[in-house]
Protein chains: 2
Amino acid sequence: MKKLINSPETVVGDALLGMAAAHPELIQVHFDPDYITRAGAPVRGKVGLLSGGGSGHEPMHGGFVGYGMLDAACPGAVFTSPVPDQMLAATKAIDGGAGVLHIVKNYTGDVMNFEMAAELAQMEGIEVASVITNDDVAVKDSLYTAGRRGVGVTVLLEKICGGAAEAGLPLAEVTRIAQNVNAQGRSMGMALTSCAVPAAGKPTFEIGDDEMEIGIGIHGEPGRQRMKLQSAREITEMLASAILDDLPFNRGDQVLAFVNGMGGTPLIELYVVYNDLVKLCGDRGVTISRNLIGNYITSLEMAGCSITLLKLDDELTRFWDAPVHTPALRWGR
Amino acid sequence: MKKLINSPETVVGDALLGMAAAHPELIQVHFDPDYITRAGAPVRGKVGLLSGGGSGHEPMHGGFVGYGMLDAACPGAVFTSPVPDQMLAATKAIDGGAGVLHIVKNYTGDVMNFEMAAELAQMEGIEVASVITNDDVAVKDSLYTAGRRGVGVTVLLEKICGGAAEAGLPLAEVTRIAQNVNAQGRSMGMALTSCAVPAAGKPTFEIGDDEMEIGIGIHGEPGRQRMKLQSAREITEMLASAILDDLPFNRGDQVLAFVNGMGGTPLIELYVVYNDLVKLCGDRGVTISRNLIGNYITSLEMAGCSITLLKLDDELTRFWDAPVHTPALRWGR
């Protein structure tokens, strides 16, 4: 598969250099070990927020480093967990004396490596808490996971906890809010095409010209069902029904609706999906009071989308609305 | 080709409904004729900015309607010019007594229809000025154009003139700035894959698994050269050299560098291109003092990118930096 890269070996490093050159007022990129910190880190007295994972999901996580969101992100190779050395160095770089929250998507490698990094950081006297996101309702266990996968809720959690940390809340409170976001959020995705990992050079999976994969993972790992392509309305109903039934979301709930592109789907199609989602939620008496539409947690060039619904309360809404200034998400300043 | 739509006939309308539902605080969507206005339009005493063109280039132009950018946008069918009726209705809806600037990309249909709309609006007593963007250095004439095509500069022009109009500048001044942006900006694009118009249901052009098209247009129309795939560095050099030599940009120039995704290219690759672009500009003594990286003027799901360089002066920089709040571009508020 064709890519705009110089080589599979250098793609992550080249992109990190590009980010460093593009956003020096927001972030600083460190190499060997590789991690991205907020410019001016650590912020004295503020809880530090660290996330990380395999590359190939851009803008997540590096694009979310900055004011009001993450203090640091650790990029692994494409679709490969970063290593504990990166996480330890990043944790130390962002500890402003109020402790550090690790935000970990539920994939076996990520969980194991973040656990090790947390232990090492604690041995050096840094207070570390962790939250594991597992919002994907598609499958119980998966190719890379014991239990549900962590997907779209991670983006919302990073924004909301970033707002809480910026407001000066202590580690225990930011952790409580993180757990609440994960508990109140659910996601499911689908794909029309495969992605291709640069080093592999071929599509991760084969899919027919008239087929789609429902419940896909963000690494192209299998989902619930391979089936014939259907309309946006039918696809949206499959995803939204599974999500709405799972929490469950109830009549009268206010939600944040996040329609996410997998990387290769044009924005016009995401708005078609959003339009169908508004109707489906309305039919269930669920009100969308906030929304986010675009490519935020991607799978390289995969065509498809995911839907995340997060049940809002006053606290989550307030920290979602709070100012943020990162390469990929910005408002209020 | 597979798409997340309900039907080729309803894709534009469904997406407009999705936009209306997602951004009621920013925009209002009108149907029959179809156009999008800024919420609260017209703004009394402010120059109104109108653009438009075929759909399939999202977020351009509808995603740029709001505070500090466009007052209205007219979406045509996919890759098809909107009609004068839409443009006339939009012009009337946003005229706050200070006149309206039409921002037109140089495609034969758009130019003809905007000319007719301007005449009709003037007959109704509205002062209308027009600017035609033609920044694409790839080809002299094209499938849809006499003269150069209007591409990436259009996005920058809409932002900068939006800032100027918001600052209260009169129509003649906003028009002068628009002409200056077009005069100081140059672009060129390339594609790895084709797009597919929904109503056609098949790729617009055929391209080999090891080929790329240099100088592609935003409708998949042919460019300068079909050639074997090369590295991001070589591709960036081909695009940037053609751009830098054309104006020409000179040692000591400050520029805004815009690396744009065509819709199907992941963000990680755009940052690889940006990294190579920084080096190339540096070698020529050209300093990138502002940048924009992402999918802003797209060709449905086409994989590829375009580069736009705009020579900055104090005035252009000031209006680029001014606050903007639209569905797709936001800062400063």
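Model, not experiment: these values are computed from the prediction. (Residues numbered from 1 in each chain as written. Chains lettered and ligands numbered in written order. Predicted model: local features only at pLDDT ≥ 70, side-chain atom pairs only at ≥ 80, totals over all residues. Heavy atoms only, no water.)

S.K.: Would you mind going over the overall build of chain A in detail, with residue names and values included?
M.R.: Of the regular secondary structure elements, chain A holds eight helices and 14 strands. Against the globule reference of 20 Å for 333 residues, chain A gives a C-alpha radius of gyration of 19 Å, in line with a compact fold. Its C-alpha atoms give chain A principal-axis dimensions of roughly 55 × 50 × 35 Å. Each of the 333 residues in chain A was classed as buried or not, and the buried ones make up 66%. If you take every contact in chain A between residues at least 6 apart in sequence, the share linking residues at least 24 apart comes to 72%. Counting every atom, chain A has about 11,000 Å² of accessible surface; 51% of that belongs to carbon and sulfur. (Helix = DSSP H or I, 4+ residues; strand = E, 2+ residues; numbered from the N terminus. Rg over C-alpha atoms; globule rule 2.2 N^0.38 Å. Buried < 20%, exposed > 50% of the residue type's maximum accessible area, 1.4 Å probe, protein only. Contact = heavy atoms within 4.5 Å. Areas by Shrake-Rupley, 256 points an atom, 1.4 Å probe, with all protein chains shown as cover.)

S.K.: Go over the environment of A:Ser51 with me, naming the residues and quoting the values.
M.R.: Residues and elements named next belong to chain A. Inspection of the secondary structure assignment puts Ser51 in strand E3 (residues 48-55). With 80 residues separating them along the chain, Ser51 and Val131 place their C-alpha atoms 10.0 Å apart. Contact partners of Ser51, with chain neighbours within four places excluded, come to His61, Leu70, Ala72, Ala73, Cys74, Ile103, Phe114 and Glu158.

S.K.: Talk me through the sheet that holds strand E4 (residues 72-78) of chain A; I want residue IDs and the actual numbers.
M.R.: Residue and element names in this part refer to chain A. Strand order in the open sheet formed by six strands is E1-E2-E4-E3-E5-E6, with mixed pairing between adjacent strands. Looking at the sheet topology across the chains shown, the edges are occupied by strand E1 (27-30) and strand E6 (128-133). Averaged over neighbouring strand pairs, the angle between their axes works out to 20 degrees when direction is ignored. Where E3 and strand E5 (residues 100-105) come together, four bridges link them in parallel fashion. Of the residues in E5, the one forming a bridge with Gly48 is Val100. (Pairing = 2+ DSSP bridges. Axes fitted to C-alpha atoms, helices over the stretch in contact; angles between N-to-C directions.)

S.K.: Could you give an account of helix H7 (residues 267-283) of chain A, naming the residues involved and the relevant values?
M.R.: Residue and element names in this part refer to chain A. A rise of 1.5 Å per residue sets the reference length of H7, with its 17 residues, at 24 Å; its end C-alpha atoms lie 25 Å apart and thus fit the reference within 8%. With 13 of its 17 residues buried, H7 lies for the most part within the structure. At the C-terminal side of H7, Gly285 shows a positive phi close to 75 degrees. (Expected span 1.5 Å × (residues − 1).)

S.K.: Could you give an account of the domain arrangement of chain A, naming the residues involved and the relevant values?
M.R.: All names here are of chain A. For chain A, the assigned domains read domain 1 (11-184) and domain 2 (185-321). Its C-alpha centre places domain 1 at a distance of 22 Å from the equivalent point of domain 2. Contacts between the two partners involve 39 residues from domain 1 and, on the opposite side, 39 residues from domain 2. Interface area for domain 1 against domain 2, summed over the two sides, is near 3,100 Å², with a carbon-plus-sulfur share of 65%. Scanning the region where domain 1 abuts domain 2 turns up three salt bridges. For Arg148, the salt bridge goes to Asp246, with nearest N and O atoms at 2.6 Å. The interface formed by domain 1 and domain 2 includes 20 residue pairs in polar contact (both at pLDDT 80 or more). (Domains from an automatic or database assignment. Buried area = accessible area lost by both parts, 1.4 Å probe. Salt bridge = Lys/Arg side-chain N within 4 Å of Asp/Glu carboxyl O. Polar contact = N/O pair within 3.5 Å; in protein donor to acceptor, adjacent residues only side chain to side chain.)

S.K.: Break down the packing of aromatic side chains for me, with residues and values.
M.R.: This model, assessed by the stated rule, comprises four aromatic pairs over all chains. Directly above the ring of A:Tyr67 sits A:Arg333, whose terminal nitrogen or CZ lies 3.8 Å from the centroid. (Phe/Tyr/Trp six-rings, centres within 6.5 Å; stacked < 30°, edge-to-face > 60°. Lys NZ or Arg CZ within 6 Å of the ring centre and 35° of its normal.)

S.K.: Can you lay out the relation of the copies chain A and chain B for me, pointing to particular residues and giving the numbers?
M.R.: Overlaying chain A on chain B yields an RMSD of 0.0 Å, the required transformation being a rotation through 180 degrees with an accompanying axial translation of 0.0 Å. When the rotation and shift are considered jointly, the pair of chain copies conforms to a two-fold rotation axis. For chain A, the smallest separation between a C-alpha atom and the rotation axis is recorded for A:Gly264, amounting to 2.0 Å. Both copies share a contact surface, since 100% of the interface residues of chain A are interface residues in chain B too. (Least-squares fit on C-alpha atoms with pLDDT ≥ 70 in both.)

S.K.: How would you summarise the pattern of salt bridges if you had to cite specific residues and measurements?
M.R.: Residues and elements named next belong to chain A. With the rule as written, the count across this model stands at 38 salt bridges over all chains. A salt bridge links Asp210 to Lys228; the shortest N-O distance between them is 2.9 Å. Taken together, the residues Asp210 in the loop between strand E7 (185-191) and strand E8 (211-214) and Lys228 in strand E9 (residues 225-228) connect sequence positions 18 residues apart. Classification of Asp210 by relative accessible area gives partly exposed; the value is 38%. The class for Lys228 is exposed, based on a relative accessible area of 52%. Several salt bridges converge on common partners, so that one network encompasses Arg38, Lys46, Asp71 and Glu166.

S.K.: How would you summarise empty space enclosed by the protein if you had to cite specific residues and measurements?
M.R.: Throughout the structure, instances matching the rule amount to three cavities of 30 Å³ or more. Size it by volume and the largest cavity reaches roughly 170 Å³. Around the largest cavity, the lining is made up of 19 residues, and of these A:Leu16, A:Ser55, A:Glu58, A:Gly62 and A:Pro75 lie nearest the centre. If you list the elements that add at least two residues to the lining of the largest cavity, you get helix H1 (11-22), E3 and E4 of chain A together with helix H7 (267-283) of chain B. (1 Å grid on protein atoms, 1.4 Å probe; cavity = no way out; pocket = protein on both sides within 12 Å on 5 of 7 lines; lining within 4 Å. Points joined across faces, edges and corners; volume = space filled by probe spheres on them.)

S.K.: Can you explain the pairing of E3(A)? Please cite residues and give values.
M.R.: Residues and elements named next belong to chain A. Of all the eight residues making up E3, eight are buried; the element is thus mostly covered by neighbouring parts of the structure. Note: E3 against E4, five bridges, orientation parallel. Each bridged residue has a counterpart across the sheet, and for Gly52 the counterpart in E4 is Cys74.

S.K.: Describe the layout of surface pockets, naming the residues involved and giving the relevant values.
M.R.: In this approach a probe as big as a water molecule rolls over the atoms, and the regions it shows empty are the leftover space. Roughly 1,100 Å³ of internal volume is contained in the second largest pocket. For the second largest pocket, the lining is made up of 32 residues, of which A:Met1, A:Thr193, B:Met1, B:Thr193 and B:Ser194 are closest to its centre. In terms of residue class, the lining of the second largest pocket is made up of 14 nonpolar, eight polar and ten charged. (Nonpolar A, V, L, I, M, F, W, Y, C, P; charged D, E, K, R; others polar.)

S.K.: How would you summarise the sheet that holds strand E12 (residues 304-311) of chain A if you had to cite specific residues and measurements?
M.R.: All names here are of chain A. Strand order in the open sheet formed by six strands is E9-E8-E7-E12-E10-E11, with mixed pairing between adjacent strands. Where the open sheet ends on each side, the last strands, each with one partner, are E9 and strand E11 (287-294). Taking each pair of neighbouring strands and ignoring which way they run, the sheet shows an average axis angle of 20 degrees. Looking at chain direction, E7 and E12 are connected through seven bridges and run antiparallel. Counted as the bridge partner of Met190 is Cys305 from E12. Along the sheet, helix H6 (residues 232-246) makes contact with E7, E8, E9 and E12, crossing E7 at roughly 155 degrees.

S.K.: Can you tell me about helix H5 (residues 171-184) of chain A, naming the residues and giving the values?
M.R.: Its 14 residues place the ends of H5(A) 20 Å apart at the C-alpha level, agreeing with the 20 Å of an ideal helix rising 1.5 Å per residue. Restricting attention to buried positions, one finds in H5(A) the residues A:Leu171, A:Val174, A:Thr175, A:Ile177, A:Ala178, A:Asn180, A:Val181 and A:Asn182.

S.K.: Hey, could you go over the environment of B:Asp313 for me, with residue numbers and the actual values?
M.R.: Within the secondary structure, B:Asp313 is located in the loop between strand E12 (304-311) and helix H8 (314-321). On the basis of relative accessible area, B:Asp313 is assigned to the partly exposed category, the value being 35%.

S.K.: I'd like to hear about the interface of chain A and chain B, residue by residue, with values.
M.R.: At the junction of the two partners, chain A supplies 57 residues and chain B supplies 57 residues. Both sides of the chain A and chain B interface together cover about 4,400 Å² of buried area, and 64% of this is carbon and sulfur. Its largest share of buried area at the contact with chain B, chain A owes to A:Lys2, A:Leu4 and A:Ile268, together 21% of the area lost on that side. Counting the contacts that link chain A with chain B gives zero salt bridges. Counting every contact that joins chain A to chain B gives 22 residue pairs in polar contact (both at pLDDT 80 or more). Contributing elements (two or more residues each) for the side of chain A that touches chain B: H1, H6, H7, E11, E12 and strand E14 (330-331) of chain A. Here the element with the most residues in the side of chain A that touches chain B is H7(A); it accounts for ten residues. Residue composition of the side of chain A that touches chain B, grouped by class: 29 nonpolar, 15 polar and 13 charged.

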